[in-house]
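Residue-level structural notes
Take a look at the letters that make up each chain.
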Amino acid sequence: AAARDFAAVDLGASSGRVMLARVGGGELSLREAHRFANHPVRVRGTLHWDILALWHGVLTGLRVAGREAGGPLAGVGVDSWAVDYGLLDASGALLGNPVHYRDGRTDGVAARVAEVLPPRELYAATGLQELPFNTVYQLVAARGSAQLAAARQLLLIPDLITYWLTGRAGTELTNASTTQLIDPRTRGWSRPVAEAVGVDTGLFPALRRPGDPAGEVIPEVLAETGLAGPVPVWSVASHDTASAVVGVPAAGDRFAYIATGTWSLAGLELDAPVLSEESRRANFTNELGVDGTVRYLRNIMGLWLLQECLREWERAGAGYALEPLLREAARAEPLRSVVDAGDPEFIAPGDMPGRIARACARTGQPEPRDAAETVRCVLDSLALAHRATVREAQRLSGRSVETVHVVGGGARNELLCQLTADACGLPVVAGPAEAAALGNVLVQARAAGVLGGGLAELRGLLRATAPLRHHEPMGDAGAWDRAAARIAGGEVGR
Ligand code: ADP
Ligand code: LRH
């Protein structure tokens with residue numbers, strides 16, 4: 001079909017962006033209409049998302065996208081980070097600012113839930129990795145609050161933005177699968193889990209699947225953005241990681257992906273969930289993907305470690321620019337010390353260089369002596385966690401891989417990609433950095449009838465159009481084994 005223009009709204013934990021894509025007739029091109037910072041805000045002890053600043057960024061981005069597009073927009077789709085939500089009152093007004101998943105309100109909640117619902121049963125029913133901020137735990141933490149009592153609807157973040165664009169509420173499935181309230185076998189709500197933890201799934205509007213229509217941009221937003229209506233809004237894989245997995249330029253099924261941004265999400269695309277007790281203990285998650293797929297992966301701390309170091313150094317008056325610092329880190333001693341990049345001790349914000357140094361000391365390794373050594377420690381540690389996760393995912397699922405695809409902002413980090421190839425002992429294909437936005441527009445374009453086919457066809461178009469970089473594994477594979485053994489238990493990334 002002839003090429004059309006689509007706008008992808010992709011909200012990451014470190015920045016939001018509105019991307020303008022032209023798709024069809026063999027073409028797939030993407031450019032940034034607008035990027036805006038995402039700064040969490042702490043007030044009265046609680047860490048929030050600044051949702052109205054993000055909404056302002058979305059409106060600005062749509063205005064630019066509409067101006068720069070060759071014709072009327074054939075669609076808009078929204079994806080963002082998972083698990084968080086806004087509550088609406090009976091009139092549809094937002095009750096307070098959404099709470100950030102890194103807020104401390106969920107400390108200790110998983111343990112309390114485990115007393116009424118054993119982790120083994122929770123995993124068998126939902127297949128989700130135990131992360132302290134899963135929506136279930138947030139809702140248990142919020143129990144008894146005036147806000148939750150007043151709430152008539154709960155909208156996950158991308159569903160909230162979609163609601164503000166369209167006036168219509170829904171719950172998109174790939175992101176709903178991160179609530180820990182979805183059964184990955186039926187791909188519907190798990191009533192037994194909801195009942196056991198006392199969560200009313202009636203708060204969630206009806207489920208939608210990626211590709212379902214989500215409404216049209218309302219007149220108020222058309223006026224605000226100068227867009228010419230009607231503009232359809234499509235449900236996409238609204239969990240950014242699910243969109244990023246669509247945006248993996250893989251051929252065949254013998255690949256692992258690592259979506260690296262604020263988090264590293266490393267794993268495999270499967271046809272069915274792995275709900276074994278062994279999988280639970282290895283802390284793998286079964287999130288839902290498009291076209292009936294399962295995203296079998298593990299959350300690794302990701303470039304958050306680096307972002308937080310940069311923020312801390314900046315705060316202390318010694319700001320570093322990223323690229324020169326990465327060049328210095330590339331020259332630093334390899335594998336001098338490593339930390340467990342899966343350890344929840346790194347989730348909360350604050351003094352990351354100090355926490356990394358203490359983790360090194362605790363495991364009998366030398367503390368990094370400067371910023372470059374700290375960055376090298378972070379990247380070596382991430383590569384080590386990538387390796388453990390790619391290996392274990394294969395073992396637990398019985399699927400073996402030949403290639404590792406690195407997508408997301410971290411695909412721009414050549415050192416990280418090379419270290420990941422070296423650690424995994426597998427070739428790494430790096431790019432696209434904007435995989436989530438690409439996955440978002442591919443699903444829209446298919447829904448709009450501009451593209452056809454399944455994931456293989458969508459990825460074929462990506463391979464033909466996205467610039468990719470190849471990294472062959474190099475160096476001494478044994479060095480990675482020895483480094484892994486320095487961290488307690490000898491296994492990292494859980
Ligand atoms: P999120 O969507 O979680 O906000 P992104 O996928 O946008 O994250 O990735 C952001 C990360 O990408 C940054 O923290 C940074 O480490 C990395 N990154 C971005 N640009 C570059 C670059 N030019 N070189 C190396 N790394 C980069
Ligand atoms: C990445 C991501 C990840 C979730 C986390 C909360 O942006 O969506 O998949 O676990 O944010």
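Counting of residues starts from 1 at the beginning of each chain's written sequence and follows it residue by residue. The naming scheme follows written order: chains are lettered A onward, ligands numbered 1 onward. Local features in a predicted model are, by the rule used here, given only for residues with pLDDT of at least 70; side-chain atom pairs are given and counted only at 80 or more, and totals for whole chains, interfaces and linings are based on all residues.

Secondary structure elements follow DSSP: runs of H or I of four or more residues count as helices, runs of E of two or more count as strands, with numbering from the N terminus. Along its length, the protein chain carries 19 helices and 21 strands. Compactness check: the protein chain gives a C-alpha radius of gyration of 22 Å against a globular reference of 23 Å for 494 residues, within 12% of the reference. With C-beta atoms placed from the backbone, a residue is labelled by how many other C-beta atoms lie within 10 Å of its own: buried for 20 or more, exposed for 12 or fewer, partly exposed between the two. With 494 residues in all, the protein chain has 55% of them scored as buried. Each radius of gyration is computed over the set of C-alpha atoms, and the globule rule expresses the reference value as 2.2 Å times the number of residues to the power 0.38.

On the UniProt side, "domain: Carbohydrate kinase FGGY N-terminal" (unreviewed entry) is annotated at positions that read residues 8-247 here. The distance separating the terminal C-alpha atoms of residues 8-247 is 13 Å; by composition the span is 34% helix and 26% strand. UniProt positions are given in the numbering used here, feature names are shortened, and annotations may be inferred rather than shown by experiment.

Take the number of residues in a helix, subtract one, and multiply by 1.5 Å to get its expected span. With 18 residues, helix H1 (residues 51-68) extends 25 Å from end C-alpha to end C-alpha; this agrees with the ideal 26 Å at 1.5 Å per step. We call two residues in contact when the distance between their C-beta atoms, placed using the backbone, is within 7 Å. Residues of H1 that are buried make contact with strand S1 (4-11), strand S2 (15-24), strand S3 (27-37), strand S6 (73-80), helix H6 (157-166) and helix H9 (219-225).

Turning our eyes to something else, we now look at the sheet that holds strand S17 (residues 285-288). The strand order across the open sheet formed by seven strands is S17-S18-S16-S15-S19-S20-S21, and the pairing between neighbours is mixed. Bordering the open sheet on either side are S17 and strand S21 (469-471), each of which pairs with just one other strand. Strand-to-strand twist across the sheet, computed as the mean angle between neighbouring axes with direction ignored, equals 30°. A strand pair is defined by DSSP finding two or more bridges across the two strands. Both strand S19 (residues 403-407) and strand S20 (residues 428-430) contribute to a ladder of three bridges, which runs parallel. From the neighbouring strand, Val406 faces S20, where its bridge partner is Ala430. For helices, the fitted line uses only the C-alpha atoms of the stretch in contact; every axis is such a line through C-alpha atoms, and the angle between N-to-C directions lies from 0 to 180 degrees.

Another aspect to go through is unusual backbone geometry. Residues apart from glycine generally show negative phi values, whereas peptide bonds are mostly found in trans. Following Gly229, the chain continues to Pro230 via a peptide bond in cis, the omega torsion being -5°. Structurally, Pro230 is set in the loop between H9 and strand S14 (232-234). For the peptide bond that leads from Gly431 to Pro432, omega is 0°, which places it in the cis range. As for its position among the elements, Pro432 is in the loop between S20 and helix H17 (435-447). The phi angle at Asp351 is positive, at roughly 25°, despite the residue not being glycine.

Close contacts around ligand 1 come from 17 residues, with Gly12, Ser14, Gly261, Thr262 and Gly409 the closest. Residue assignment for the shell around ligand 1 shows that the elements contributing at least two residues are helix H12 (304-315) and helix H13 (322-331). At three residues, the largest contribution of residues to the shell around ligand 1 is made by H13. Taken together, the residues that form the shell around ligand 1 break down as five nonpolar, ten polar and two charged. Each residue receives a C-beta atom built from its backbone; the residue is near a molecule or strand if that atom lies within 6 Å of it. Three classes are used: nonpolar for Ala, Val, Leu, Ile, Met, Phe, Trp, Tyr, Cys and Pro, charged for Asp, Glu, Lys and Arg, and polar for all others, with Gly counted as polar.

Take the site of ligand 2 next. Within the structure, ligand 2 sits among 14 residues, and Trp81, Ala82, Asp240, Thr241 and Trp263 are positioned closest to it. Its residues assigned to classes, the shell around ligand 2 shows seven nonpolar, six polar and one charged.

Turning to the packing of helix H14 (residues 352-362) against helix H15 (residues 371-397), a few remarks are in order. For the pair H14 and H15, interaxial distance at closest approach is 11 Å and the crossing angle is 70°. Comparing the axis directions of H14 and H15 gives the class roughly perpendicular. As for the relative orientation of H14 and H15, their crossing is left-handed in sense. Contacts between H14 and H15 involve Pro353, Ile356 and Cys360 on the former and, on the latter, Thr374, Cys377 and Val378. Orientation labels follow simple angle bins: below 35 degrees gives roughly parallel, above 145 gives roughly antiparallel, 65 to 115 gives roughly perpendicular, and whatever is left gives oblique. Crossing handedness is read from the near helix: turned anticlockwise from the far helix by less than a right angle, it gives a left-handed crossing, and turned clockwise, a right-handed one.

Burial analysis of S6 places eight of its eight residues in the buried class, the great majority of the element. As judged from the seven bridges shared by S1 and S6, these two strands associate in the parallel manner. Bridge assignment links Ala7 to a residue of S6, and that residue is Val76.

Turning our attention to the nonpolar core. In this description, a nonpolar core means buried residues of the types Ala, Val, Leu, Ile, Met, Phe, Trp, Tyr and Cys, linked to one another by C-beta atoms lying within 7 Å. Ranked by internal contacts, the top residues of the largest apolar core, which has 161 residues, are Ala7, Ala256 and Leu305. In terms of residue count, H15 provides more of this core than any other element does, twelve residues in total. Among all residues touching Ala7, those that are not within four sequence positions of it are Val18, Leu20, Leu62, Ala65, Leu73 and Val76.

A separate point is the pairing of strand S7 (residues 85-88). Neither face of S7 is left uncovered, since the one carrying Tyr85 and Leu87 and the one carrying Gly86 and Leu88 both have all their residues buried. Here S7 runs beside strand S8 (residues 153-156); their pairing, made up of four bridges, is antiparallel. Bridge pairing links Gly86 to Leu155 in S8.

Further remarks concern the packing of H15 against helix H16 (residues 414-424). Axis separation between H15 and H16 bottoms out at 8 Å; the angle between their running directions is 45°. In terms of orientation, H15 lies oblique with respect to H16. Classified by chirality, the crossing of H16 by H15 is right-handed. Two secondary-structure elements touch here, H15 through Leu379, Asp380, Leu382, Ala383, Leu384, His386, Arg387 and Val390 and H16 through Leu415, Leu416, Leu419, Thr420, Asp422, Ala423 and Cys424. Considered class by class, the residues forming the contact of H15 with H16 number ten nonpolar, two polar and three charged.

Our focus in this paragraph is the environment of Ala176. Position of Ala176 among the secondary structure elements: in helix H7 (residues 173-176). What makes Ala176 buried here is the crowd of 26 C-beta atoms within 10 Å. Sequence separation between Ala176 and Leu207 is 31 residues, and the spatial gap between their C-alpha atoms is 8.2 Å. With residues near it in sequence (within four places) discarded, Ala176 still touches Leu156, Thr171, Ile182 and Leu207.

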